[in-house]
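Below, each chain spelled out in residue letters.
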Amino acid sequence: MCVHQLEVFCCSWCPKGNVTMEQQDTTPEAPSVGNNTATEDTNTGKRKHDEPDLPETGGRGKRRRGAGGKNLRPGERYIPPPQKRNPGVSFSQEHFDETSYYFEGGLRKVFPYYFDFKTYCKGRWIGKSLLEVFKSEFRAESIEYYEKAAKEGRIRLNQSPVEDLSVVLRNNDHMRNTVHRHEPPVISTPLQILVDDGEVLVVDKPASIPVHPCGRFRHNTVIFILGKEHGVSELHTIHRLDRLTSGVLLFARTLETSKKLDQLVRDRQLEKEYVCRVEGEFPEGELICEEPILVVSFKIGLCRVDPKGKECRTVFQRLSFNGKTSVVRCLPLTGRTHQIRVHLQYLGFPILNDPIYGSHAWGPHRGKGGLVGKSDEELLQALVEEHRSQEKLHLLDFMDVCGGAEEAEKTGKTDSDGDKSGKGFPAQAEDCSEKENSIKAALEEHQSLESTEVSRSQSKASDSDQKTPPGIRDHLCSECKLVRPDPTMKELIMYLHALRYKGPDFEYSTQLPDWAKEDWEETDFS
């Protein structure tokens, strides 16, 4: 899968004036409200550049060019047909030039920039007004914000500015929401290219950097850093790493190489070796965990051991113990989402610094032996509440709106530990279960509370905190009014590293991270 196509699946984003990258739903939609029985296109892909609509003409019987020769009744809106897809387009310099970044306090920070979120009308929105849709599904901002944004021409329907949010949506309506976008910082460790031979590109990914654009991340991603700093584009993903995980990351340069490596993954001929540091004294010798893993929610990306889950197998071997924590070698023989992290949690040795599977929200045993004692909804709410109370909600590296867990499970590209939401038009499944909707509602509620807490703490901010640089503030942007504490290095790094990847005729590896060395102590890392 081309990296550009991966973003299409994961996020409903599009840079201004370029190829649209909407996310089309991947499940069929039942007939919509009223007499309109149209269903939404279920394919995923990119579309060619949107053609501007001609101004609507009034009066009965008048024809308009491009309207298929149909007569438009008074007050009737012309809705252009969906554009044809162009799957061959990748990220280009135009995308990379949307903004720039700077380094401060050991962090890579992106200057805020204007960005167009785009989407075609979802089946469940047909017959509803824009106001209703914003109220029910885009609660990151208030209705007052959307009303002001509409008056300033930031919300468009079929290329025309929307001044009245009471307009009723119809099938194939194309929506655009221009926002002032802020990205979270990542650590400033350079992205090191290990191999680039024309067929594969292998990098040593630092922790905290997502592989591809998703959620709030776009320019602070491996794909965009490679494009902006190294002039590399049109890559094919072979596997993925969690945002907080570091190590070997493979891309194919050509479609032929991509297919070859994908087949190795499916045939389980690609050996993967990880190293991690876990809490406590891990048993000596070889330890094999074969507990099945169930994805609690594909849209959230949270997993746990469950008899109804998919078969899994991970081989562990202790490398060292410093009296408090152990360095463990991990060989995942299957490729389930978060497999290493979930198995280590089950064994009672969660990865040090794991913000999800090392959390006390799992209960007094923290998930050891599969003991949780909570429903999935209660678990999610407990995780969000725990991190909100510590003002660390950003550490919950959920796949919300990315579709990552589901796609990864289907393609086998989770890499045992596969990889949030914007103000625009997030990619949401048409057929979200009641449980998933409940979880998403809880997360949105706590995200709103987090913003309130951050706003209240502005007076306590230090000079190193995240502030919008002068000259690029936006008067409607709520994020510009906030002052967020910079994340610490410790918060941006999880002690899990992809050390080696080996195939029938190749092997790629990195050096051992400092935290995996035998004489390392946690006090050495700040």
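Here the residue index of a chain counts from 1 through its sequence in written order. Per-residue local features of the predicted model are confined to residues with pLDDT of at least 70, and side-chain atom pairs are confined, for both listing and counting, to 80 or more; whole-chain, interface and lining totals are unaffected and use all residues. Only hydrogens and water are removed before side-chain values are computed, so all heavy atoms of the structure are retained for them.

Things to note about helix α5 (residues 222-230)
And then number 1: Residue exposure (1.4 Å probe, protein chains only): buried if accessible area is under 20% of the type maximum, exposed if over 50%, otherwise partly exposed. Going along the chain from the N terminus, every DSSP run of H or I of four or more residues is numbered as a helix, and every run of E of two or more is numbered as a strand. All of the buried residues in α5 are V222, I223, F224, I225, L226 and G227.
And then number 2: Phi turns positive, to about 65 degrees, at G231, one or two residues after α5.

A word on the side chain of T257
And then number 1: Along the chain, the position of T257 falls in helix α6 (residues 255-266).
And then number 2: By the criterion applied in these results, polar contacts are pairs of N or O atoms within 3.5 Å in which, for protein atoms, one can donate a hydrogen and the other can accept it, and in which residues neighboring in sequence qualify only through two side-chain atoms. Of note is the side chain of T257, whose polar atom sits 2.8 Å from the side chain of T254.
And then number 3: In this description, contact between two residues means that some pair of their heavy atoms is separated by no more than 4.5 Å. Other than its neighbours up to four places away in sequence, T257 contacts E199, V200 and A252.

Examining the sheet that holds strand β3 (residues 107-110)
And then number 1: With antiparallel pairing, the 3 strands of this open sheet are ordered in space as β2-β3-β8. Only two strands of the sheet have a single neighbouring strand rather than two, namely β2 (101-104) and β8 (186-187).
And then number 2: Two strands are said to pair when DSSP picks up at least two bridges between them. Taken together, the 4 bridges between β2 and β3 define a ladder with antiparallel strand orientation. Residue pairing for β3: Y102 is matched across the bridge by K109.

A closer look at the state of the cysteines
And then number 1: Here, the term disulfide refers to a pair of cysteine sulfur atoms separated by no more than 2.5 Å. The full count for this structure, using the stated rule, is 0 disulfides.
And then number 2: Cysteine C289 shares no disulfide, and the gap to the nearest cysteine sulfur, in C312, comes to 8.4 Å.
And then number 3: A relative accessible area of 3% means that C289 is categorised as buried.

Structural notes on the pattern of salt bridges
And then number 1: Here a salt bridge means any side-chain nitrogen of Lys or Arg lying within 4 Å of a carboxyl oxygen belonging to Asp or Glu. Overall, the coordinates contain 27 salt bridges when judged by the stated rule.
And then number 2: With a shortest N-O distance of 3.3 Å, D306 and K308 are connected by a salt bridge.
And then number 3: When the shortest N-O distance is used, the salt bridge between D514 and K517 registers 3.0 Å.
And then number 4: Residue D514 is classed as exposed on the basis of its relative accessible area, which comes to 53%.
And then number 5: A relative accessible area of 37% places K517 in the partly exposed class.
And then number 6: Each of E273, R329, R500 and E507 takes part in salt bridges that share partners, so that together they form one network.

Some thoughts on unusual backbone geometry
And then number 1: Although it is not a glycine, N172 sits at a positive phi angle of roughly 75 degrees.
And then number 2: With respect to the element layout, N172 can be found in the loop between β6 (160-161) and β7 (174-181).
And then number 3: Positive phi is not limited to glycine here, since N353 has a value of about 80 degrees.
And then number 4: Tracing the chain through its elements places N353 in the loop between α7 (339-347) and α8 (376-389).

A few points about the nonpolar core
And then number 1: Counting residues in each nonpolar core, the largest one holds 56 residues, and the members touching the most others are L226, F251, F282, F316 and I351.
And then number 2: Beyond its immediate stretch of four places on either side in the chain, I351 contacts C276, R277, V278, I340, R341, L344, M494, Y495 and L496.
And then number 3: Buried Ala, Val, Leu, Ile, Met, Phe, Trp, Tyr and Cys residues that are joined via side-chain atoms within 4.5 Å together make up what is termed a nonpolar core. Among the nonpolar cores identified, the runner-up in size contains 26 residues, and F117, C121, I143 and L165 belong to it.

Considerations on the packing of aromatic side chains
And then number 1: Between the rings of Phe, Tyr and Trp (Trp by its six-membered ring), a pair exists once the centres lie within 6.5 Å; its type follows the angle of the planes, with under 30 degrees stacked, over 60 edge-to-face, and the other angles tilted. A full pass over the atoms with the stated rule returns 16 aromatic pairs.
And then number 2: A centroid spacing of 5.2 Å and a plane angle of 90 degrees characterise the contact between F96 and F224, whose relative ring orientation is edge-to-face. Here F96, found in helix α2 (residues 93-96), pairs with F224, found in helix α5; they are 128 residues apart in sequence, far enough to count as distant.
And then number 3: Given the relative accessible area of 4%, F96 is considered buried.
And then number 4: Taken together through their ring pairs, the aromatic side chains of W125, F134, F138, Y145 and Y146 make up a single cluster.
And then number 5: Throughout this description, the term charge over a ring refers to an Arg CZ or Lys NZ atom that lies within 6 Å of the ring centre and within 35 degrees of the ring normal. Above the face of the Y101 ring, R108 is positioned so that its terminal group lies 4.5 Å from the ring centre.
And then number 6: Between R181 and the ring centre of F115, over which it is positioned, the NZ or CZ distance is 4.4 Å.

With respect to α7
And then number 1: The element α7 is largely enclosed, with a buried count of 8 among its 9 residues.
And then number 2: Three or more residues of α7 are buried, namely Q339, I340, R341, V342, H343, L344, Q345 and L347.
And then number 3: Just beyond α7, the residue with positive phi is G348, at close to 90 degrees.

Focus: the environment of I193
And then number 1: Within the element layout of this structure, I193 appears in strand β9 (residues 192-196).
And then number 2: According to the relative accessible area criterion, I193 is partly exposed, its value standing at 29%.
And then number 3: Once you skip the residues sitting within four places of it in the chain, I193 turns out to touch L201, V202, V203, L226 and H230.

Overview of the confidence of the model for the protein chain
And then number 1: Values of pLDDT, ranging from 0 to 100, describe the predictor's confidence in every residue of the model. Per-residue pLDDT for the protein chain has a mean of 77; in total, 68% of the residues score no lower than 70.
And then number 2: Within the model, pLDDT remains below 50 along residues 418-422, and this stretch shows 23 contacts once partners closer than five positions in the same chain are excluded.

With respect to the environment of V211
And then number 1: On the secondary structure map, V211 appears in the loop between β10 (200-205) and α5.
And then number 2: A residue is classified by how much of its surface remains accessible, and V211, at 2% relative accessible area, is buried.
And then number 3: Taking the C-alpha atoms as reference, V211 lies 9.8 Å from I225; in sequence the two are 14 residues apart.
And then number 4: Apart from residues lying up to four places away in sequence, V211 is in contact with K205, T221, V222, I223, L241, L249 and F251.

Some thoughts on the environment of Q269
And then number 1: Structurally, Q269 can be placed in the loop between α6 and β13 (271-279).
And then number 2: Considered as a pair, Q269 and L333 are 64 residues apart in the sequence and their alpha carbons are 9.8 Å apart.
And then number 3: Setting aside chain neighbours within four positions, we find Q269 in contact with L264, K502, G503 and P504.

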